[in-house]
Amino acid sequence: FPPTDGVRIPPAHYIEGLSKAHDVDFLLLDGGPRDTAWEGDCQTTAEAVCHFRRVPIRRKSKVVGLVRELLSLGSFYGFWELAAHLPESTAAQIYDAAIVCTPPAIAYMSQPKVRRRMPQASVWIAAMSDVHSLVLSQQAANASKNYRLSVQLFQRVVYTLRSKVLVRNEMKMLNRYDRVFVQTDKERDWVRMNGDDVLADKTMRLSNAAPDQLFSLPVDR
């Protein structure tokens with residue numbers, strides 16, 4: 001909170017909706033402040049949930065991360081590690097469900113050795129805000145027409161190759177979850193096209209709706 005962009009809006013909605021009938025705890029994998037409002041935003045989020053916990057994370061070697069991605073051992077964007085111990089009170093909890101938001105967190109939490117150190121949950125849900133391999137595929141198809149032909153071709157080749165490498169890692173990552181939420185039909189179709197039947201069956205589109213009160217604002221806002 002506040003839900004100011006496409007990354008924040010889905011978890012804000014999950015918190016708001018689930019809080020009506022459930023106790024919601026929030027675990028922030030904190031990569032550091034984005035701006036001066038960061039601490040205030042964390043406080044606002046803490047006020048909306050039962051328990052708010054945060055643990056710092058740091059990116060591991062970029063070179064090793066890229067090599068791991070090429071070897072289909074995991075996506076580069078998920079190559080993080082905890083910079084401090086998880087609070088013991090969190091690890092001891094048993095939850096009905098764990099909803100993991102943002103691709104880096106989903107990639108990190110998909111690792112079996114990481115999952116064993118996390119709170120136990122009956123169901124693990126990956127709520128993807130963007131399927132990056134699809135984003136790269138679309139960038140390849142829409143290489144900028146403002147550049148020379150040679151640059152367009154280079155962009156298409158690079159984005160296409162990166163997408164093909166990344167999609168293997170993302171499908172493997174998502175298959176480790178019991179349910180997968182994506183936001184668009186294109187993303188759902190992409191997962192069904194590139195994943196196996198098991199992943200296709202547990203992937204559903206949960207579109208990113210806007211709060212009703214926004215529609216009552218004056219048009220000039």
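Look a little higher up for the structure.
Residues numbered from 1 in each chain as written. Predicted model: local features only at pLDDT ≥ 70, side-chain atom pairs only at ≥ 80, totals over all residues. Heavy atoms only, no water.

**Re the sheet that holds strand β1 (residues 25-30)**
Spatial ordering of the open sheet is given by β1-β2-β3, a layout of three strands whose pairing is mixed. The open sheet has two edge strands with one neighbour each: β1 and β3 (80-82). In this sheet, neighbouring strand axes are inclined to one another by 35° on average, regardless of whether the strands run parallel or antiparallel. Alignment of β1 against strand β2 (residues 51-59), held across six bridges, turns out to be parallel. The partner of F26 across the bridge, within β2, is F52. (Pairing = 2+ DSSP bridges. Helix = DSSP H or I, 4+ residues; strand = E, 2+ residues; numbered from the N terminus. Axes fitted to C-alpha atoms, helices over the stretch in contact; angles between N-to-C directions.)

**Remarks on the state of the cysteines**
This model, assessed by the stated rule, comprises zero disulfides. No disulfide involves C50; its nearest neighbouring cysteine sulfur is the one of C101, lying 16 Å away. (Disulfide = S-S within 2.5 Å.)

**With respect to the sheet that holds strand β6 (residues 179-182)**
Sheet strands associate in pairs through backbone hydrogen bonding, adopting either a parallel or an antiparallel arrangement. Strand order in the open sheet formed by four strands is β4-β5-β6-β7, with parallel pairing between adjacent strands. On the outer flanks of this sheet lie β4 (94-101) and β7 (203-205), each paired with one strand and no other. Direction aside, the axes of adjacent strands within the sheet are offset by 25° on average. Of the strand pairs in this sheet, β6 and β7 are connected by three bridges, and their pairing is parallel. Bridge assignment links V182 to a residue of β7, and that residue is R205.

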